[in-house]
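# Examining the three-dimensional arrangement
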Amino acid sequence: MARTHRTDPVLASYQEISAFLAEVERRAFKQAMFAVRDEHSALDIVQDAMLKLTEKYSEKPAAELPMLFQRILQNTIHDHFRRQKVRSTWTTLLSALGKGDEKDDDFDPLETLPAKSDSNANADPAQLLEQGQIMAIIEQALSRLPARQREAFLLRYWEELDVAETAAAMNCSEGSVKTHCSRAVHALAAMLKAKGVTL
Amino acid sequence: MTTEDTDFAKKIAARLDQGAADLKAGTVYRLQLARQEALARLSDPKRAAELRLAGAHALAGSGTLGGDRRSWASGRLWIGIALIVVAGFGIQQWQAYQQLKDIEETDAAILTSDLPIDAYLDRGFQNWLKRAIDE
């Protein structure tokens, strides 16, 4: 899917914001899922990001919406982890039975992958199965990337932001974006190769 | 990043697009609801356009709805500041008055007491008074 980024400085209209959100919402949800690995939290994060965009940044030019929304989305994901950290600290303090084996390290992303919808009911089941397996491996590999590498990769190649926009959304330098992207691509290639997946 | 790396990244992005297209119906529905709620904050299109127009006029310095609202907000701010200043001045005056009254009462008590005023300058009397208070 090609992302169309307008370049005119005209303020975003209601219709433009509506169309932008409709176009970006699924990818935003998947991005949040890769990061937090929980469907309900991911949905909450996307909703928060959308609300922040419409409440605070609706008077921005349409061309700035993709970068602004990604910045808001990444910040909302970071806020989620911060809140989770505080919550887990209190839980550990308050719970005498708290054990160290409940960390996310043991989490298997395959467990949270959504079931395929039946929209491709007419396709070859074997092919669908293979596609589903490859998709699961790709998403699992993305989830295992370091957070900053995953952010840079998704913003740059999935959201199709340029290097400067990605840097602005991630609040880092353009050099860091290039480094993160390069490392992410090599890490993904290595993980897919190890699983025997060729694209 | 080589061309091969970029091609590989684009292939992954294409696969991710497929994954995003195959979201569960329930998830898609909840995303739609979230979008509608966010858009509701923008208000209806006519209202949004009206507000934008008002904002533009306010920036241009004309007396429109937006300008009136801003001047009213600014007026309320100054009224609040004035009230705080008046309240601070009043508290200061009241404290000064109370201090003066306390001094007057002390002076009156000293002057009207049977004890000669020179007693307060006597070191022995002060030591006796201190001991009496400690006990």
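Source: prediction; values computed, not measured. (Residues numbered from 1 in each chain as written. Chains lettered and ligands numbered in written order. Predicted model: local features only at pLDDT ≥ 70, side-chain atom pairs only at ≥ 80, totals over all residues.)

What follows covers the overall build of chain A. Each helix and strand in chain A was counted, giving seven helices and zero strands. In chain A, the order of α-helices and β-strands from amino to carboxyl end is α-α-α-α-α-α-α. A buried classification covers 34% of the 199 residues belonging to chain A. Considering only intrachain contacts with a sequence separation of at least 6, the fraction spanning at least 24 residues in chain A is 68%. (Helix = DSSP H or I, 4+ residues; strand = E, 2+ residues; numbered from the N terminus. Buried ≥ 20, exposed ≤ 12 C-beta atoms within 10 Å, placed from the backbone. Contact = placed C-beta atoms within 7 Å.)

The helix and strand inventory of chain B stands at five helices and zero strands. Counting from the amino terminus, chain B carries its helices and strands in the arrangement α-α-α-α-α. Buried positions account for 10% of the 135 residues belonging to chain B.

Listed as interface residues are 40 residues of chain A and, on the opposing side, 31 residues of chain B. Contributions of two or more residues to the side of chain A that touches chain B are made by α1 (14–36), α2 (39–56), α4 (125–144), α5 (147–158) and α7 (174–194) of chain A. Split into classes, the residues belonging to the side of chain A that touches chain B amount to 25 nonpolar, seven polar and eight charged. (Nonpolar A, V, L, I, M, F, W, Y, C, P; charged D, E, K, R; others polar.)

Next up on the list: the nonpolar core. With 52 residues, the main nonpolar core has F29, A32, V46, A49, F69 and F153 of chain A as its most contacted residues. Per-element accounting of this core gives the leading share, 10 residues, to α1 of chain A. Two domains each donate at least three residues to this core, and these are domain 1 (8–89) and domain 2 (124–199) of chain A. Beyond its immediate stretch of four places on either side in the chain, V46 of chain A contacts E25, A28, F29 and A32 of chain A together with L31 and A34 of chain B. (Core = buried A, V, L, I, M, F, W, Y, C linked by C-beta atoms within 7 Å. Domains from an automatic or database assignment.)

Two elements in contact, α7 of chain A and helix α1 (residues 3–21) of chain B, have axes separated by 10 Å at closest approach and are oriented at 70°. One element, α7 of chain A, and the other, α1 of chain B, form an angle in the roughly perpendicular class. The two elements α7 of chain A and α1 of chain B cross, and the hand of that crossing is left-handed. Touching V185, L188 and A189 of chain A of α7 of chain A are D5, F8, A9 and I12 of chain B, all from α1 of chain B. (Axes fitted to C-alpha atoms, helices over the stretch in contact; angles between N-to-C directions. Parallel < 35°, antiparallel > 145°, perpendicular 65-115°, else oblique. Left-handed = near helix turned anticlockwise from the far one by under 90°.)

Here we come to helix α2 (residues 25–40) of chain B. The terminal C-alpha atoms of α2 of chain B lie 22 Å apart, and with 16 residues this matches the ideal 22 Å at 1.5 Å per residue to within 8%. Three or more residues of α2 of chain B are buried, namely T27, R30, L31, A34, R35, A38 and L39 of chain B. Looking at the packing, one finds that the buried side of α2 of chain B touches α1 and α2 of chain A. (Expected span 1.5 Å × (residues − 1).)

Turning next to helix α5 (residues 123–134) of chain B. Compared with an ideal rise of 1.5 Å per residue, which puts 12 residues at 16 Å, α5 of chain B spans 17 Å between its outermost C-alpha atoms and is within 8% of the ideal. Where burial is concerned, little of α5 of chain B is hidden: zero out of the 12 residues are buried.

So, about the confidence of the model for chain B. All names here are of chain B. Overall, the prediction assigns chain B a mean pLDDT of 80, with 79% of residues at 70 or greater. Helix α3 (residues 45–60) is the least confidently modelled element of chain B, averaging 52 in pLDDT, while α2 averages 92, the highest of any element. Contacts of residues 58–67 to residues separated by more than four positions or lying in other chains number 14 contacts, the stretch itself having pLDDT below 50. Scoring of the predicted complex yields 0.59 for pTM and 0.72 for ipTM. (pLDDT = per-residue confidence, 0-100.)

Residue and element names in this part refer to chain A. Contact pair α5 / helix α6 (residues 163–170): the axes reach a minimum separation of 9 Å and the direction vectors enclose 140°. By the angle class used here, α5 and α6 are oblique. The handedness of the crossing between α5 and α6 comes out as right-handed. Between α5, through E151, A152, L155 and R156, and α6, the contact on the second element is made entirely by T166, A169 and M170.

Now for unusual backbone geometry. Excluding glycine, residues mostly have negative phi values, and the peptide bonds linking residues are mostly trans. Residues and elements named next belong to chain A. Despite not being glycine, R37 has its phi angle at roughly 60°, a positive value. Mapped onto the elements, R37 comes out in the loop between α1 and α2. For R37, a count of 17 C-beta atoms within 10 Å corresponds to the partly exposed category. In this structure, E160 takes a positive phi of about 60° despite not being glycine. Topologically, E160 is positioned in the loop between α5 and α6. Among the residues examined, E160 registers 17 C-beta atoms within 10 Å and is labelled partly exposed.

Further remarks concern the environment of E16 of chain A. Residues and elements named next belong to chain A. Within the fold, E16 resides in helix α1. On the basis of neighbour count, E16 is assigned to the partly exposed category, with 17 C-beta atoms found within 10 Å. Distance from E16 to P61, taken between C-alpha atoms, is 10.0 Å for residues 45 residues apart in sequence.

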